[in-house]
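Examination of the molecular architecture
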2 protein chains.
Amino acid sequence: MRQNARKDIGLAREPIEESDAFVTEICWHYYVNEMTQAEIARLLDVTRLRVNQAIQRAKTLGFVKIQIESPFLPRIELQEELKSCLGLKRAVISPSNEADYDYHKSVGAALAALLTERLATGDWKSLGVSWGLTLDSAIRKLPRQSHPDLEVVSILGGTAKGSTLNSFGIASGFANVLGARYSVLTAPIYLSEGIDREVFLSQYALKEHFEKFASLDAVLLTCSNVSEKSFLVEHGLPQGLSPEALIDAGAIGDVLGKFLDRDGRSVSAQVDNRTVGMSLEDVIEVPEKIMAAAGPHKVEILKAACQRGLVDTLVTDDTTARLLLKSVAKQSTATG
Amino acid sequence: MRQNARKDIGLAREPIEESDAFVTEICWHYYVNEMTQAEIARLLDVTRLRVNQAIQRAKTLGFVKIQIESPFLPRIELQEELKSCLGLKRAVISPSNEADYDYHKSVGAALAALLTERLATGDWKSLGVSWGLTLDSAIRKLPRQSHPDLEVVSILGGTAKGSTLNSFGIASGFANVLGARYSVLTAPIYLSEGIDREVFLSQYALKEHFEKFASLDAVLLTCSNVSEKSFLVEHGLPQGLSPEALIDAGAIGDVLGKFLDRDGRSVSAQVDNRTVGMSLEDVIEVPEKIMAAAGPHKVEILKAACQRGLVDTLVTDDTTARLLLKSVAKQSTATG
DNA sequence: AAGCAAACTTTACAAATGTATTTTCTGTAT
DNA sequence: ATACAGAAAATACATTTGTAAAGTTTGCTT
């Protein structure tokens, strides 16, 4: 067929038969004997170009199969998939212990490892932190370090209850173990009704703190869903705001006390306006946005947060990662 | 221990941990994503040198396995000749790199390819393995497989030195990569003088193991000559047995620790009686006897082993194959 | 036999890789 | 604190590889 077609337009010379045996032998010399392409060309008395082409042909035809053999491979594959699915710059996936599943331990350790690495190389001056169990867990896993030029900045107000994993405890905890300074947000996460936001935030101490948000080199974010598993929902919601009302409004979880819907849109400007902390718009401007969260109940809010552009590095565990991928796949088949 | 030793000579910095996960990730990017080393270095924020070293380390460690579809197509004529000359059922000849000749690499890869093919079609339940550099090389080239019904049986005792390429390491290495069970021969290759063979071998664990020899579907054999190139001669000969004495007795090499003369006859029943492993008589009974060996120094012992009927499949390289043919031709003109 | 076009070889060069050398960094010991 | 030694980074360079031009060969057509 192809031959005839060529002849019709005036074929000159048959292409030399690049036999499988020829290609095979070249590949053998190249990959097994580790000869250079020039050496092989000399040995078989052909041009180097032909050797080069044979090897490339073998690769595309699948004659040579390169396998990577390692217990770590599955996780790397997962990371790559997550990155492309969610549009991340980096994904860190910790192996979770499925038998004795703990949402925070594994992710905390992974975050600690990542932080240590980034702090060593990244030359950060200012690190924003929210709070929650995951960050508390990371602090426990962090080795003691010395970063005298680093300032840990709390980017979210606190709640009355819960001392160590509260705003104050997390920021100071990080600063302590990292050998850094810190600045906390001495305010509740939600303003009481009737308090004028502008007036409250204009207080001198708060104003100075808020100005630091603009120059953060990185932020550590967490998220949660709307259920009794959420610390915020259990202990921190302002009076008059019920979980049911949030769910009715489309909320699937929160980032920095701001509730988002399935597509990452803010559910209630009104509620958002009562939170004391960094705005999501400001978060998006931070060069490195590290989100650490795990657990099946956080899949939806993680997806939403990524969609909103709040995440460029995701730290999670393999269980959550797999659920995330499944969820994204389902969504795209439903939509597209 | 090692740390102290280092400290004594004034250690400065711990070498950074080139973790397997790190190496794996680099190989993933390099081979799967086809990124350049420089790109990977930038991505992971390390020097290009480290990436380069990681890839080379992965290659030598066998983390990456490169498979070629049909490596022995081009050597058909040579193979046919060998088969008829040596009375073989099958001959597999790999092309070797004569400029930078490595006895084991090429043959190991060919053996790996052959094994993969035979395991897929042959329905083996039990595979006997000896040990040596050639088999070690084959393990590195074997892709990971799953043969849960296969048992790898070590057919030869070990030496004190040389961990991975020893009896235990080879059998478990094959089993690991093939996804099979294994049974090792926990005994030295040569009994010490004065130990009663019958008494020693009657030990429960050994007896049970020896009984497996009768039902092997295949064996992987190697051989060596009597010189400093032989691992056995260098490291494994029993006390009081010198290479010179063996040569004087007509020995030209060994198979399974049993030394043979030019015609494949056992040189010393006394020495044979001290070896712990499968007897040559039992080997002959195995349905598939695969001998893998290469190098000019192994030509004579290969010929002898074939003559003795220990080989029905020979895996070697083209250099050795040609020498074998020449040697056989010379002998037959001299004799006939 | 001249023309022609496909397919190869030659040539050239840019990019990537491998390796050696120098420099910088860091923990330990003096 | 200072000197020191070992390790990694930085640098430099030779080799190898990939690719895109040229130029040449070959077999067919006219």
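As the structure is a computational prediction, the values presented were derived from the model and not from experiment. (Residues numbered from 1 in each chain as written. Chains lettered and ligands numbered in written order. Predicted model: local features only at pLDDT ≥ 70, side-chain atom pairs only at ≥ 80, totals over all residues. Heavy atoms only, no water.)

We now examine the packing of helix α7 (residues 133-141) of chain B against helix α8 (residues 167-178) of chain B. Residues and elements named next belong to chain B. At a minimum axis separation of 10 Å, α7 and α8 run at an interaxial angle of 25°. Considered as vectors, α7 and α8 are oriented roughly parallel to each other. The crossing of α7 and α8 is left-handed. Residue-level contacts link Leu135, Asp136, Ala138 and Ile139 of α7 to Ile170, Gly173 and Phe174 of α8. Its residues placed into classes, the contact of α7 with α8 shows 5 nonpolar, 1 polar and 1 charged. (Axes fitted to C-alpha atoms, helices over the stretch in contact; angles between N-to-C directions. Helix = DSSP H or I, 4+ residues; strand = E, 2+ residues; numbered from the N terminus. Parallel < 35°, antiparallel > 145°, perpendicular 65-115°, else oblique. Left-handed = near helix turned anticlockwise from the far one by under 90°. Contact = heavy atoms within 4.5 Å. Nonpolar A, V, L, I, M, F, W, Y, C, P; charged D, E, K, R; others polar.)

This brings us to the interface of chain B and chain A. Contacts between chain B and chain A engage 35 residues on the former and 29 residues on the latter. Between chain B and chain A the total buried area reaches about 3000 Å² when both faces are included, carbon and sulfur atoms providing 63% of it. Of all residues in chain B, B:Trp28, B:Ile66 and B:Ile68 give up the largest surface area on contact with chain A, accounting jointly for 20% of the area buried on that side. Our enumeration of links across chain B and chain A arrives at 1 salt bridge. B:Lys105 is the partner of A:Glu34 in a salt bridge, and the nearest nitrogen-oxygen pair spans 3.2 Å. On the surface where chain B and chain A come into contact, there are 3 residue pairs in polar contact (both at pLDDT 80 or more). Looking at the side of chain B that touches chain A, the elements with two or more residues in it are α2 (20-32), β1 (64-68) and α6 (105-122) of chain B. Take the side of chain B that touches chain A: its biggest share by element is 9 residues, from α2(B). Tallied by class, the residues present in the side of chain B that touches chain A amount to 17 nonpolar, 10 polar and 8 charged. (Buried area = accessible area lost by both parts, 1.4 Å probe. Salt bridge = Lys/Arg side-chain N within 4 Å of Asp/Glu carboxyl O. Polar contact = N/O pair within 3.5 Å; in protein donor to acceptor, adjacent residues only side chain to side chain.)

A few words now on unusual backbone geometry. All names here are of chain A. Although it is not a glycine, Glu34 sits at a positive phi angle of roughly 55°. As for its position among the elements, Glu34 is in the loop between α2 (20-32) and α3 (37-44). Positive phi is not limited to glycine here, since Leu256 has a value of about 55°. Secondary-structure assignment places Leu256 in the loop between β8 (253-255) and β9 (258-260).

On to α2(A). Its 13 residues give α2(A) an end-to-end C-alpha distance of 17 Å, which sits within 8% of 18 Å, the value for a rise of 1.5 Å per residue. The buried fraction of α2(A) amounts to 10 of the 13 residues, a majority that puts the element mostly inside the structure. Taken together, the buried positions of α2(A) are occupied by A:Phe22, A:Val23, A:Thr24, A:Glu25, A:Ile26, A:Cys27, A:Trp28, A:His29, A:Tyr31 and A:Val32. Against α3, α4 (48-61) and β1 (64-68) of chain A together with β1, β2 (90-94) and α6 of chain B lie the buried residues of α2(A). Following α2(A) by one or two positions, A:Glu34 adopts a phi angle in the positive range, close to 55°. (Expected span 1.5 Å × (residues − 1). Buried < 20%, exposed > 50% of the residue type's maximum accessible area, 1.4 Å probe, protein only.)

Bringing the sheet that holds strand β8 (residues 253-255) of chain B into the picture now. Residue and element names in this part refer to chain B. The 3 strands lie next to each other as β7-β8-β9, forming an open sheet whose pairing is antiparallel. Both edges of this open sheet fall to β7 (224-225) and β9 (258-260), since each of them pairs with a single strand only. Bridge analysis of β7 against β8 gives 2 bridges, and the strand direction is antiparallel. What sits directly across from Ser224, in β8, is Asp254. (Pairing = 2+ DSSP bridges.)

This part is about the packing of aromatic side chains. All names here are of chain A. If you walk through the whole model with that rule in mind, you get 7 aromatic pairs over all chains. Summarising the aromatic geometry, the rings of Phe168 and Tyr182 are spaced 6.3 Å apart at their centres and angled 80° between planes, so their arrangement reads as edge-to-face. Within this pair, whereas Phe168 is found in helix α8 (residues 167-178), its partner Tyr182 is found in strand β5 (residues 181-183), the two being separated by 14 residues in sequence. A relative accessible area of 39% places Tyr182 in the partly exposed class. (Phe/Tyr/Trp six-rings, centres within 6.5 Å; stacked < 30°, edge-to-face > 60°.)

Attention now goes to the sheet that holds strand β5 (residues 181-183) of chain B. Residue and element names in this part refer to chain B. Within the open sheet, the 7 strands sit side by side as β2-β11-β10-β6-β3-β4-β5. Their pairing is parallel. With partners counted over all chains shown, the strands left at the sheet margins are β2 and β5, one partner each. Geometrically, the sheet is characterised by an average inter-axis angle of 20° between neighbouring strands, direction not taken into account. Strand direction decides the pairing type here: strand β10 (residues 288-292) and strand β11 (residues 313-317), joined by 3 bridges, are parallel. Looking across to β11, one finds that Ala292 is bridged to Val315. Against the sheet, α6 engages β2, β3 (126-129), β6 (218-221), β10 and β11, with an angle of about 145° to β11.

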